[in-house]
Amino acid sequence: MLDRKLIRENPDAVRAGAARKGIQAPVDEFLRVDESWRSILRELEQSQAEMNRISKSIGQLMASGQKDEAEKAKAETAAIKEKIKSLEPQERELEAQLNALELQFPNMPHPTVPDGKTPEENVEVRAWGTKPEGTFKAHWEIADELKLIDFEAASKISGSGFAVYTGWGSKLVRALINFMLDLQSDRNGYSEVYPPALVTSESLVGTGNLPKFADDLYSTKDDLWLIPTAEVPVTNLLRDEILEPWQLPIKYAAYTPCFRREAGAAGRDTRGILRMHQFDKIELVKYCAAEVSYDELESLVEDAESVLQALGLHYRVLLLCAGDMGDKGCKCYDLEVWAPGEGRYLEVSSCTNFEAFQARRANIRYRPTEGASPEPVHILNGSGLAVPRLLVALLETYRQEDGSIAIPEPLRRYLGTDVIPAPGN
RNA sequence: GGAGAGGUCGCAUAGUGGUCUAGUGCGCCGCACUCGAAAUGCGGUGUGGGGCAACUCACCGUGGGUUCGAAUCCCACCCUCUCCGCCA
């Protein structure tokens, strides 16, 4: 959600910002509805003020025993009451329209975001490590020979798009989750939380997933939705709160399973575990003061990178172009890990500064200085990281000639072994 | 799922139809007193919207309703707590 004042006072900038993302913002309609809403509101409030005055005087007349005068005053209220009754629904309807329109505006891209429409126009800002040389197996082959994942069982249980991790596969998932959570909390200073995986629609409106992206989500019979990422419950953790300046920045790290319908991705990445309806992810969420949010974005990216560096995996950092970064963000970096068996980079993290966009929707504010009036806080998030694609890169990168998997040092104490033994051993 | 209690201005409480534009205590801020502090006294202390402003409207869990007027009465719902049942 954008600042209403911005749309009123600078509609061209809003239009232009949306256009960079390839989206048409309903600026004219908003301005029209806004104008009529404000005019009706003014009229309604005048009537309410008049009504309050008369009611108060009736109270005083009654108290002083002037019954006749009171009755006379009562008669006066009929017309004005009628006016209120006719204005009220109009006001309510216009405000509802305005609120609905407001939710349709995309966030404005930051000036440092490059132009562009497609992923090809994203800009690589840096790379870490070196691309491993040699011949590599795809992760589904490795998983098969080491019996790490049972896809048949998964499809029997749940249909396509799911995985049953078995044996060392299951232990690896668990080890990666614990390793990443510890890293983000102990080393990078995030507070660990473990939130619900089912949330109300209000929470999803707060993060910007609803109303626009309902098709990406699983819903239930009980008006609860399965979360597509821990971003949703964690961002809503502080909904309707006013934060004091000394509390900021607030940093949360959360592990949750994530559920996505992948409705628009049918037929893509069908092999292996690159695109699942359910997967595990550590998510990082930050709340901070407006003037530091771009510094916090840089450090957020570094925190996500620290996982890949600890595991010694080659990756690159992309600055997404305006057209590829989605509705909600102002500026977004993707982390892509190299998967040698696939021969391509895989997105394992998206680190985004939403500025005040989510905070306005979720009503999360802070006082810039003690005693100052509240402003929407800036919110950022990024994966730190997604498990399945990380697992893919790990298996493909560290498979040795004999078929065993060498485990990077930091992960060993979590997995309880230096190596996943070769098949047959 | 059943029965009961309850949700009020940061916290604690009062308020069962008209000076409630919500009282009191604590906390917090300012001022006075003081060499300074404590104590004391006085004043102030929420959020959102509209308006250039004066000002005004809304908000006592949420949404409806009754009334000239609702924190207060009526209806529905949500949440919390206690007990019972069931259960990982």
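Predicted model, so just to flag it, every value in this text is computed and none were measured.

Caption draft 1: Looking closely at the domain arrangement of chain A. Segmenting chain A into domains produces domain 1 (4-102) and domain 2 (119-420). For domain 1 versus domain 2, the distance between C-alpha centres works out to 44 Å.

Caption draft 2: Representation of the confidence of the model for chain A. When the pLDDT values of chain A are averaged, the result is 92; 100% of them are 70 or greater. Taken together, the chains of this predicted complex give a pTM of 0.92 and an interface ipTM of 0.84.

Caption draft 3: The arrangement of the sheet that holds strand β7 (residues 242-243) in detail. Taken in spatial order, the three strands of this open sheet run β7-β13-β14, and their pairing is mixed. The outermost strands of the open sheet, each flanked by one partner alone, are β7 and β14 (375-376).

Caption draft 4: Spatial organisation of the protein's contact with RNA strand B. Around RNA strand B sit 21 residues, and of these Arg 8, Arg 38, Glu 45, Gln 48 and Arg 365 come closest. Each atom of RNA strand B within 4 Å of the protein was classed as base or backbone; sugar and phosphate made up 71%. Take Gln 48: an N or O atom from its side chain is 2.9 Å from a sugar or linking oxygen of RNA strand B. Interatomic distance of 2.7 Å between a side-chain N/O atom of Arg 365 and a sugar or linking oxygen of RNA strand B. Secondary-structure elements contributing two or more residues to the surface near RNA strand B are α3 (27-63) and α4 (67-102). The element that contributes the greatest number of residues to the surface near RNA strand B is α3, accounting for 13 residues. Considered class by class, the residues forming the surface near RNA strand B number seven nonpolar, five polar and nine charged.

Caption draft 5: View of the packing of aromatic side chains. Going through the model one piece at a time under the given rule, you end up with six aromatic pairs. Ring centres 5.8 Å apart and planes at 70° place the aromatic pair Phe 179 and Tyr 414 in the edge-to-face group. Residue Phe 179 is located in helix α7 (residues 168-187), and its partner Tyr 414 is located in helix α13 (residues 409-415); the two are separated by 235 residues in the primary sequence. The class for Phe 179 is buried, based on a relative accessible area of 4%. Arg 4 extends its terminal NZ or CZ atom over the ring of Trp 37, reaching a point 5.5 Å from the ring centre.

Caption draft 6: Local environment of the side chain of Ser 383. Looking at where Ser 383 falls in the secondary structure, it is placed in strand β15 (residues 378-386). When its relative accessible area of 9% is taken as the criterion, Ser 383 is described as buried. Those residues in contact with Ser 383 that lie beyond four places of it in its chain are Lys 281, Ile 282, Glu 283, Ala 304, Val 348, Ser 349 and Ser 350.

Caption draft 7: Seen up close, the packing of α7 against helix α10 (residues 293-310). Contact pair α7 / α10: the axes reach a minimum separation of 10 Å and the direction vectors enclose 125°. As the angle between them shows, α7 and α10 are arranged oblique. The handedness of the crossing between α7 and α10 comes out as right-handed. Here α7 contributes Phe 179, Met 180, Leu 183, Gln 184 and Arg 187 to the contact with α10, which in turn contributes Asp 303, Ala 304, Ser 306, Val 307 and Ala 310.

Caption draft 8: Looking closely at the pattern of salt bridges. If you walk through the whole model with that rule in mind, you get 23 salt bridges. In this structure, Arg 399 engages Glu 145 in a salt bridge whose closest nitrogen and oxygen atoms are separated by 2.8 Å. Taken as a pair, Arg 399 in the loop between α12 (387-398) and β16 (405-406) and Glu 145 in helix α5 (residues 139-145) lie far apart in primary sequence, 254 residues in all. Given a relative accessible area of 25%, Arg 399 falls into the partly exposed group.

Conventions adopted
Residues numbered from 1 in each chain as written. Chains lettered and ligands numbered in written order. Predicted model: local features only at pLDDT ≥ 70, side-chain atom pairs only at ≥ 80, totals over all residues. Heavy atoms only, no water. Domains from an automatic or database assignment. pLDDT = per-residue confidence, 0-100. Pairing = 2+ DSSP bridges. Helix = DSSP H or I, 4+ residues; strand = E, 2+ residues; numbered from the N terminus. Near = heavy atom within 4 Å. Polar contact = N/O pair within 3.5 Å; in protein donor to acceptor, adjacent residues only side chain to side chain. Nonpolar A, V, L, I, M, F, W, Y, C, P; charged D, E, K, R; others polar. Phe/Tyr/Trp six-rings, centres within 6.5 Å; stacked < 30°, edge-to-face > 60°. Buried < 20%, exposed > 50% of the residue type's maximum accessible area, 1.4 Å probe, protein only. Lys NZ or Arg CZ within 6 Å of the ring centre and 35° of its normal. Contact = heavy atoms within 4.5 Å. Axes fitted to C-alpha atoms, helices over the stretch in contact; angles between N-to-C directions. Parallel < 35°, antiparallel > 145°, perpendicular 65-115°, else oblique. Left-handed = near helix turned anticlockwise from the far one by under 90°. Salt bridge = Lys/Arg side-chain N within 4 Å of Asp/Glu carboxyl O.

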